[in-house]
Amino acid sequence: MRPSLELLDHEKTTGLCGRLLELLDSEGARYRLIPHPPEGRTEIASRLRGHPLEQAAKCMVIRVKLSKRTSRYVLAVVPGDRLVDLEGIRRLYDGKEASFAHRGTAEQLAGAVCGSITPFTFHEDLELVVDPDLLSHDEIFFNAARLDLSIALNTEDYLALTRPRQAAVAMNVPPDPMIRSRTMTTIDNFSALSQTAIRPPVSWGNEPGAFLKSLRSPWYTLVADLQDLMLSTTVEYARSRGLKALYLPLTVRTITCPSGLGSDSEPVPVTVSGVDTYLPDSNQFMLEYGTRLAPGGCYNIMPSWRGEEPDETHLGQYSHSEAEIPGGIDDLIDYVEGYVKALAKACLETYGDRIALAAGDTSHLSRMAEHRNPFARITFEEAVSLLDGEEGTVRDEGDWRTLTRKGEHRLMEIVNEFMWVTHFDHLSVPFYQAFGDPEGRTAANADLYFGMGEVVGSGERHSNAEQMRRALVMHKVPERDYAWYAEMKQELPMRTSGFGMGLERFLMWVLNHHDIRDIPLVSRVNEDEKWPESVHRP
């Protein structure tokens, strides 16, 4: 049944594609091969192959969470004009939750890059379930573990070869035109990118002329558009919640990362007009000040500086979205969840097609934007218990503990891709976080994990000077540096909570990217330490 060999690139028929063709030939299956330009999107691939969309086998790897510690993976196959019914799959397997598997996991289990996953399973940990509506056709069509080659397979032969579990796991695309357009233009199944993929030029090393690569790159055009969208969406959301924007100076007299217990970065000192001061590592203290002027809450997006060497997940200079609101940690969590969902929705609806070309997928945006329930929430003690001594997940400093990046990732695998961890050991966080218990052992803080790990850091503040001074002593921070802060809380006590989110980290998640140094429009990595003889780049 195989076409003449001149139609095939022999090297590309190795791996899963070759294995699949050997299986079809050995079992005498009736099939046709259809070469076409590289394409992983179901709707477009169906047009290239010349068949109705409902005959396409759309293949999605689903993670079904059975308990806190156990999950199973399912290859759900549905008609190309339908969506996978995650709730239906959850019920089918009596799970606690069903979600799309992370791209790397999906590709490992399926044995093919996303967009070319076949309706066959060759991995013992991947169970096949097919919606019966797909099987009502004489032939089904799917990519042959390659983006440039598809198979038209007789349905009876497919059933004989796979003997899949059959269940109603498909649902109709929503009738809303905007949602339908967004859904059908998203690259299916975390699909691999076609030849029009948007990739970063990796110009952050600041080699001569590197900034010209950035100026010519579609990657940075997209980043610029997304930055503009982040600002407008932030303003719209904050205003809808009653917050006011405050304009603050680019220097601070009081830093939020003092050299005491719970601080993990160094301040950046500067001299301006002969005055020794600091660049802001955060505007939190100023926003706390601002809530006394704008009692409904206040916010801004401004640059922040920290004395850190840039790497794949850290920048020394970054854009900081911060807000301070009246109320406690529960009020803040509600605000932040609404905020990140609003950002995800705006990205999806405004630039979904272009994001798909850069990220390979936009389903992560859909899952956040359309998340109906509050995000999962556990305490730090519960997190430590879940990790159960797994090596390299918790850092123990004796008097306090914290989670490593490995620990954050492991928790997201165990609990949920969007999750809060609250009430850390108080000595592991800065002094200004309110106490989470009468003894002061824990903090009323909350970190939101998704994508790379911690993206949002937040917490409730001490509402009065007495509690704040107690924390200063615990953290071994001299009060003289924060006298004004204590005086404000003494004279104008107020219960507030605030958060900070690096926009570059959020955009890293949006673009499904691994290196934060590719996000800033103008790189400040690897700069000359001395003044240049002339300014030769931005």
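Note that the coordinates shown come from a computational prediction; the quantities given were computed from them, not determined experimentally.

Novice: How should I be thinking about helix α1 (residues 15-26) in this particular structure?
Specialist: Taking 1.5 Å as the rise per residue, α1 with 12 residues should run 16 Å; its terminal C-alpha atoms sit 17 Å apart, in good agreement. Among all positions of α1, only L16, C17, G18, L20, L21 and L24 are buried. Its buried side turned inward, α1 meets β1 (31-35), α4 (103-110), β7 (139-146), β8 (149-154) and α5 (155-162).

Novice: What is the right way to read the pairing of strand β13 (residues 275-279) from this model?
Specialist: Within a regular strand, the side chains alternate between the two sheet faces. Pairing between strand β12 (residues 268-272) and β13: 5 bridges, direction antiparallel. Each bridged residue has a counterpart across the sheet, and for V270 the counterpart in β13 is T277. With antiparallel pairing between neighbouring strands as the criterion, β12 and β13 make up a hairpin whose turn holds 2 residues, including S273 at a positive phi of roughly 55 degrees.

Novice: Can you help me understand the side chain of D515 in this one?
Specialist: By the element assignment, D515 lies in the segment after α16 (503-510). Reaching out from D515, the side chain makes a polar contact with the side chain of R517 at a distance of 2.9 Å. Filtering out sequence-adjacent residues up to four positions away, D515 remains in contact with W204, D311, E312 and M508.

Novice: Hey, could you run me through the nonpolar core in this one?
Specialist: Note on soluble globular proteins: their nonpolar side chains tend to be buried together. L226, F499, M501, F506 and W509 are the most contacted members of the largest nonpolar core, which has 55 residues in total. Among the elements of the structure, α8 (218-240), β15 (317-326), α10 (329-359), α11 (363-369), β20 (445-450), β21 (453-460), β22 (496-502) and α16 are those that each provide at least two residues to this core. Broken down by element, this core gets its largest block of residues, 17 residues, from α10. Residues in contact with F506, not counting those within four places in the same chain, are M230, V340, L343, A344, F450, V455 and M501.

Novice: How should I be thinking about unusual backbone geometry in this particular structure?
Specialist: Backbone geometry places A145, a non-glycine residue, at a positive phi of 60 degrees. Tracing the backbone shows A145 in strand β7. For A145, a relative accessible area of 16% gives the class buried. Here V202, not a glycine, exhibits a phi torsion of approximately 50 degrees, which is positive. Along the chain, V202 turns up in the loop between α6 (177-185) and α7 (210-215). With relative accessibility at 46%, the residue V202 sits in the partly exposed group.

Novice: What is the right way to read the sheet that holds strand β2 (residues 57-65) from this model?
Specialist: By way of backbone hydrogen bonds, the strands of a sheet pair with one another, either parallel or antiparallel. Spatially, β5-β2-β3-β6-β9 is the arrangement adopted by the 5 strands of the open sheet, whose pairing is mixed. Among the strands making up the open sheet, the edge pair consists of β5 (97-100) and β9 (165-166). Here β2 pairs with strand β3 (residues 71-79) via 9 bridges, running antiparallel. Considered in β3, the bridge of K58 is made with V78.

The rules we used
Residues take numbers from 1 onward in each chain, read along the sequence in its written order. Per-residue local features of the predicted model are confined to residues with pLDDT of at least 70, and side-chain atom pairs are confined, for both listing and counting, to 80 or more; whole-chain, interface and lining totals are unaffected and use all residues. Excluded from the side-chain calculation are hydrogens and water; included are all heavy atoms of the structure. Secondary structure elements follow DSSP: runs of H or I no shorter than four residues count as helices, runs of E no shorter than two count as strands, and numbering proceeds from the N terminus. The length a helix should cover is 1.5 Å for every residue beyond the first. The classification of residues rests on relative accessible area computed with a 1.4 Å probe and restricted to protein chains. Under 20% of the type maximum is buried, over 50% is exposed, and intermediate values are partly exposed. Any pair of residues with heavy atoms lying within 4.5 Å of one another is described as a contacting pair. Any two strands with at least two DSSP-identified bridges between them are counted as paired. For this analysis, a polar contact is any N or O atom pair within 3.5 Å, provided that within protein one partner can donate a hydrogen and the other can accept it, and provided that sequence-adjacent residues contribute only side-chain to side-chain pairs. For the purposes of this section, nonpolar cores are sets of buried Ala, Val, Leu, Ile, Met, Phe, Trp, Tyr and Cys residues that join through side-chain atoms within 4.5 Å.

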